[in-house]
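The chain contents come next:
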Amino acid sequence: MTVKIEDSWKEKLQIEFEKPYFEKLTAFVKDEYQNQSIYPAGKLIFNAFEKCTFDDTKVVILGQDPYHGEGQANGLCFSVNDKIDIPPSLLNIFKEIRSDLGKEIPKSGNLERWATQGVLMLNATLTVRANVAGSHQKKGWEQFTDAVIQIISQQKEQIVFILWGAYAHSKGFFGNKHFSRTNSYLESVGKKPIEW
């Protein structure tokens, strides 16, 4: 099956695209885009991979679902397009950056600048129906994103994994200093820190 995705990822993930679950998922997603309002725009489903190649990946941020409001989702978890109001979850992230690193909250919630520095910003589910959170869960996306994480874990070293969203509820979020701790680790293994 041919999937339009960045070349380094295509090579790693081609085996997934051939599996029956992915063909079933593709049929479901195509049908949803034809009959419902779905986010993000179809061309942005694999945007996280476009903006952060396999070789460049040094941090993985895992969210849950794309934003389901109009114009919000851009294919990077927690990120919104320029000129879109910053959602509460992203505002909390920016507040923690301010607390951790002393940086002011930016005017735009577009996090492409993180992705191009080697932060793979991946949701467990890559599509969602408008205004219906979780509507595309358990359709096959989780199997795909689990495979992505497995490939990164097996084929790359010294990667930082950050789990937010519902995954992080039990751990608490504020005061964890995820950003400074990530950068300290990256520097300790000779990698360039992220300009959060």
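What you see is a predicted model, and the numbers here were worked out from it, not measured in a lab.

As for helix α2 (residues 20-35)
Consideration 1: The end-to-end C-alpha separation of α2 is 23 Å, in line with the 22 Å expected for 16 residues at 1.5 Å each.
Consideration 2: Of all the positions in α2, only Y21, F22, L25, T26, V29 and E32 are classed as buried. What you see down the axis of α2 is that its buried residues fit within an arc of 135°, all on one side. What points out from α2, more than 90 degrees from its buried face, is the exposed set P20, K24, K30, Q34 and N35.
Consideration 3: Close packing links the buried residues of α2 with α1 (7-17), β1 (38-39), β4 (128-129) and α6 (141-155).

Regarding α1
Consideration 1: Here α1 has its buried residues at S8, W9, L13, E16 and F17. One side of α1 holds all its buried residues, which, seen down the axis, span an arc of 145°. Exposed positions of α1 whose direction lies more than 90 degrees from the buried face are D7, E11 and I15.
Consideration 2: In this structure, the buried side of α1 is in contact with α2, α3 (47-51), β3 (119-123) and α6.

Some points on the pattern of salt bridges
Consideration 1: Throughout the structure, instances matching the rule amount to three salt bridges.
Consideration 2: The shortest N-O distance in the salt bridge between K19 and E16 comes to 2.8 Å.
Consideration 3: Residue R129 pairs with E32 through a salt bridge whose shortest N-O separation is 2.8 Å. Of this pair, R129 sits in strand β4 while E32 sits in helix α2, placing them 97 residues apart in sequence.

Focus on the nonpolar core
Side chains of a nonpolar character, in soluble globular proteins, are inclined to be buried together.
Consideration 1: Grouped together as the largest cluster of nonpolar side chains are 53 residues, with contacts concentrated most on F46, F49, I61, W114, L120 and F144.
Consideration 2: A per-element tally of this core places α6 first, with five residues.
Consideration 3: Residue contacts for I61: discarding those within four places in its chain leaves C77, F78, W114, V119, L120, M121, L122, I162, W164 and W196.

A few points about the sheet that holds strand β2 (residues 59-63)
Consideration 1: The strand order β3-β2-β5 describes an open sheet built from three strands, whose pairing is parallel. At either margin of the open sheet sits one strand with a lone partner, and together these are β3 and β5 (160-163). Across this sheet, the average inter-strand angle for adjacent strands is 15°, counted without regard to direction.
Consideration 2: Bridging between β2 and β5 involves four bridges; their strand directions are parallel. By the bridge assignment for β5, I61 is matched with I162.
Consideration 3: Helix α7 (residues 178-188) rests against β2 and β5 of the sheet, and its axis sits at about 170° to β5.

Considering the pairing of β2
Consideration 1: With five of five residues buried, β2 lies mostly within the body of the structure.
Consideration 2: Taking every second residue as pointing to the same face, both faces of β2 are buried, with V59, I61 and G63 on one and V60 and L62 on the other.
Consideration 3: Where β2 and β3 come together, five bridges link them in parallel fashion. From the neighbouring strand, V59 faces β3, where its bridge partner is V119.

Calculation notes
Residues numbered from 1 in each chain as written. Predicted model: local features only at pLDDT ≥ 70, side-chain atom pairs only at ≥ 80, totals over all residues. Heavy atoms only, no water. Helix = DSSP H or I, 4+ residues; strand = E, 2+ residues; numbered from the N terminus. Expected span 1.5 Å × (residues − 1). Buried < 20%, exposed > 50% of the residue type's maximum accessible area, 1.4 Å probe, protein only. Arc of directions from axis to C-beta. Contact = heavy atoms within 4.5 Å. Salt bridge = Lys/Arg side-chain N within 4 Å of Asp/Glu carboxyl O. Core = buried A, V, L, I, M, F, W, Y, C linked by side-chain atoms within 4.5 Å. Pairing = 2+ DSSP bridges. Axes fitted to C-alpha atoms, helices over the stretch in contact; angles between N-to-C directions.

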